[in-house]
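These are the residues of each chain, in order.
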Amino acid sequence: MIIENEKDATTAVLSELARAKDPRFREIMSALVRHLHDFAREVKLTEEEFQAAVGYLVALGKHTNETHNEAVLMSGSLGFSTLICLINNGNNGQTETSQNLLGPFWRMHSPATANGGSIVRSPTPGPALFVNAAFKDGNGNPVVGAEVDVWQSSPEGYYENQDPVQADMNLRGKFTTDQNGHIDFRSVKPAGYPIPVDGPVGQLLRAQGRHNMRPAHLHVLAAKDGFKTLVSQVYVPDDPHIETDVQFGVTRHLIGHYVRHENEPAPAPDVEGPWYSLDYTFTMEPGRARLPRPPITDKARGDRQEIERLKATG
Ligand SMILES: [Fe+2]
């Protein structure tokens with residue numbers, strides 16, 4: 001059609017989209033075009049602002065490579081990743097869910113570790129943490145024989161892949177749930193950490209006066225045939241950023257009971273000083289066991305990369 005006015009710009013695109021054979025594609029693209037055009041009308045987007053927005057999209061691509069995905073970081077920083085998670089899990093957002101964000105640090109082939117073992121593979125200063133996790137189905141029955149990957153940052157806030165000081169695969173392990181659907185292991189208390197702010201996400205956070213910290217958490221990925229692969233994180237409640245996670249990953253359901261123990265005998269005789277325990281029960285939903293594509297495949301070399309920490313304003 002020949003466009004006569006601004007309204008026709010939308011109508012013209014939508015009528016061309018009607019040619020698309022795939023109905024789901026047609027539905028998604030038509031809604032996207034409608035919302036995108038209405039968004040520009042609502043804010044009366046100027047030509048300069050439009051050019052800045054295009055430059056921003058280009059920068060997202062330029063800041064993405066094999067080991068870093070700025071687009072995913074942006075999606076998290078806008079709360080979009082959590083929204084997608086919550087509308088697709090927990091009976092499509094009707095009930096609580098153990099599902100959460102995968103994050104950029106899952107690696108395949110974590111070392112198989114027996115229950116009761118330790119994922120501390122090189123000297124890692126910080127308080128000991130003893131984790132007891134249960135995996136249940138929607139009816140409360142144990143999920144037996146699930147393969148469970150766990151991974152976390154060190155008490156200094158670094159994943160081993162970012163930190164040449166740590167041994168390869170430090171603070172990572174692969175467990176199998178026992179007859180009661182349990183795993184348990186020894187670790188150290190994770191710390192919160194900053195997300196990179198040298199790209200467009202940093203620009204966005206600075207413009208909003210936001211900090212760039214994720215509160216401390218333990219990552220879990222559990223797979224078993226007949227269940228949707230569980231991707232989860234259990235957050236540390238006393239972290240100063242628990243209410244303002246830069247990636248909006250914290251849900252009430254996933255705040256864990258990390259209990260501090262002082263002057264109490266620890267489960268291992270070599271523990272000195274205060275230590276922590278975490279008991280958590282994950283619910284696995286029915287579905288397909290499918291592993292995500294690993295965001296990274298290797299460990300960092302050279303120096304530890306210091307990431308700038310932004311302070312929230314206002
Ligand atoms: Fe993480």
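Structure: see above.
Note that residues are indexed from 1 along each chain, following the sequence as it is written. Side-chain atom pairs in this predicted model are given and counted only at pLDDT of 80 or more, local residue features only at pLDDT of at least 70, and totals for whole chains, interfaces and linings cover all residues. The side-chain values count all of the structure's non-hydrogen atoms but skip hydrogen atoms and water molecules.

Even after reading the chapter, I still don't get the overall build of the protein, so can you show me in this structure?
Each helix and strand counted, the protein has seven helices and ten strands in total. Judged by the C-alpha coordinates and their principal axes, the protein covers about 80 × 45 × 35 Å. Each residue's exposure class comes from its accessible area (1.4 Å probe, protein chains only) as a fraction of the maximum for that residue type: buried when under 20%, exposed when over 50%, partly exposed otherwise. Looking at the 314 residues of the protein, the share that counts as buried comes to 44%. We call two residues in contact whenever any of their non-hydrogen atoms come within 4.5 Å of each other. Restricting to contacts in the protein with at least 6 residues of sequence separation, those with at least 24 account for 74%. Areas reported here follow the Shrake-Rupley algorithm with a probe of radius 1.4 Å; residue values treat only the protein chains shown as occluding. Per element, the accessible surface of the protein, about 17,400 Å² overall, is 55% carbon and sulfur. Taking the 31 positively charged and 39 negatively charged side chains of the protein as two groups, their mean positions are separated by 4 Å. Elements are defined by DSSP. Helices are runs of H or I of four residues or more, strands are runs of E of two residues or more, and each kind is numbered from the N terminus. Neither His nor the chain ends contribute to the count of charged residues, in which Lys and Arg are positive and Asp and Glu negative. Lysine's charge is taken at NZ, arginine's at CZ, aspartate's at CG and glutamate's at CD.

I would appreciate a short explanation of the coordination of the iron ion in the present structure.
Around a metal, the perfect tetrahedron of four donors has angles of 109.5 degrees, and the perfect octahedron of six donors has angles of 90 or 180 degrees. For Na, K and Ca the donor cut-off is 3.2 Å, and for all other metals it is 2.8 Å, counting N, O and S atoms only; because water is absent from this set, sites may look incomplete. Protein coordination of the iron ion is provided by Tyr 159 (OH), Tyr 193 (OH), His 217 (NE2) and His 219 (NE2), with donor distances spanning 1.9 to 2.1 Å. Angles of 90 to 165 degrees at the metal separate the four donor atoms of the iron ion, which places the site in the irregular class. Of note, the donors binding the iron ion are all from one chain and are spaced Y-x33-Y-x23-H-x1-H. Placement of the pair is Tyr 159 in the loop between β2 (147–152) and β3 (172–176) and His 217 in strand β7 (residues 217–223), with a sequence separation of 58 residues. When four donors show all angles between 85 and 135 degrees the site is tetrahedral, when four or six donors have opposite pairs over 155 degrees and all other angles between 65 and 115 it is square planar or octahedral respectively, and in every other case it is irregular.

For this particular structure, what's the right way to read the sheet that holds strand β4 (residues 182–188)?
The pairing of strands in a sheet comes from backbone hydrogen bonds and takes either a parallel or an antiparallel form. At least two DSSP bridges between two strands are required for those strands to pair. Ordered by their spatial adjacency, four strands build an open sheet running β4-β1-β10-β9, and the pairing between neighbours is mixed. Looking at the sheet topology across the chains shown, the edges are occupied by β4 and β9 (257–261). Averaged over all pairs of adjacent strands, the angle between strand axes in this sheet comes to 20 degrees, irrespective of strand direction. Inspection of the sheet shows strand β1 (residues 128–136) paired to strand β10 (residues 275–283) by eight bridges, in the parallel sense. Looking at β10, one finds that Lys 136 is bridged to Thr 283. What counts as an axis is a line fitted to C-alpha atoms, over the stretch in contact for a helix, and the angles between N-to-C directions run from 0 to 180 degrees.

Help me understand a nonpolar patch on the surface, please; the structure alone is not making it clear to me.
There is a patch of nonpolar side chains on the surface, built from Leu 32, Leu 36, Phe 39, Val 43, Leu 45, Phe 50, Val 54 and Val 58 and spanning about 690 Å² of accessible area. Elements represented by at least two residues in the nonpolar patch include exactly α2 (23–43) and α3 (47–62). Among the elements that line the nonpolar patch, the one with the most residues is α2, at four residues. For Val 54, the position within the fold is in helix α3. In this structure Val 54 comes out as partly exposed when scored by relative accessible area, which is 38%. Like charges are joined within 9 Å and nonpolar side chains (Val, Leu, Ile, Met, Phe, Trp, Tyr) within 5 Å, but only among residues with over 30% relative accessible area and no salt bridge; these make up the patches. Salt bridge, as used here, is a side-chain nitrogen of Lys or Arg placed within 4 Å of a carboxyl oxygen of Asp or Glu.

Would you mind showing me how to read unusual backbone geometry here?
In terms of backbone geometry, most residues other than glycine have negative phi values and most peptide bonds are trans. If you check the backbone angles, His 109 has positive phi at about 60 degrees while not being a glycine. Residue placement: His 109 occurs in the loop between α6 (90–93) and β1. Taking the relative accessible area as the measure of exposure, His 109 reaches 66% and is therefore exposed. Positive phi outside glycine occurs at Met 169, with the angle close to 70 degrees. Here Met 169 lies in the loop between β2 and β3. Here Met 169 falls in the buried class, since its relative accessible area comes to 9%.

When you look at the pattern of salt bridges in this model, what are you seeing that I'm missing?
Considering all chains together, one arrives at 17 salt bridges under this definition. Note that Lys 174 and Glu 147 form a salt bridge whose closest N and O atoms lie 3.8 Å from each other. Of the two residues, Lys 174 is situated in strand β3 and Glu 147 in strand β2; the sequence distance between them amounts to 27 residues. The closest approach of N and O atoms between Asp 238 and Lys 189, which form a salt bridge, is 3.7 Å. Placement of Asp 238 in the loop between β8 (230–235) and β9 and of Lys 189 in the loop between β4 and β5 (193–194) is noted, with a sequence separation of 49 residues between them.

Please clarify how the sheet that holds β3 should be interpreted in this entry.
Spatial ordering of the open sheet is given by β3-β2-β7-β8, a layout of four strands whose pairing is antiparallel. Only two strands of the sheet have a single neighbouring strand rather than two, namely β3 and β8. For this sheet, the mean inter-axis angle between neighbouring strands, taken without regard to orientation, is 20 degrees. Of the pairings in the sheet, the one linking β7 to β8 comprises six bridges and is antiparallel in character. Within β8, the residue paired with His 219 across the bridge is Gln 233.

What am I meant to see in the packing of aromatic side chains here?
Note on aromatic pairs: each is described by the distance of the centres and the angle between the planes. In summary, the pairing rule links any two rings of Phe, Tyr or Trp, Trp by its six-membered ring, whose centres are within 6.5 Å, and it sorts them by plane angle into stacked for under 30 degrees, edge-to-face for over 60 and tilted for everything else. If you walk through the whole model with that rule in mind, you get seven aromatic pairs. Both rings, one in Tyr 159 and one in Tyr 193, keep their centres 5.2 Å apart while their planes meet at 85 degrees; by these two values the pair is edge-to-face. With Tyr 159 in the loop between β2 and β3 and Tyr 193 in strand β5, this pair connects stretches of sequence that are 34 residues apart. Judged by its relative accessible area of 4%, Tyr 193 falls in the buried class. Between Phe 175 and Phe 185 the ring centres are 5.0 Å apart and the planes differ by 25 degrees, which places this aromatic pair in the stacked class. One end of the pair, Phe 175, is in strand β3; the other, Phe 185, is in strand β4, with ten residues separating them in the sequence. The pair formed by Phe 175 and Phe 185 is uniform in burial state, with each residue classed as buried. Taken together, the aromatic side chains of Phe 105, Tyr 159 and Tyr 193 make up a single cluster linked through ring pairs.

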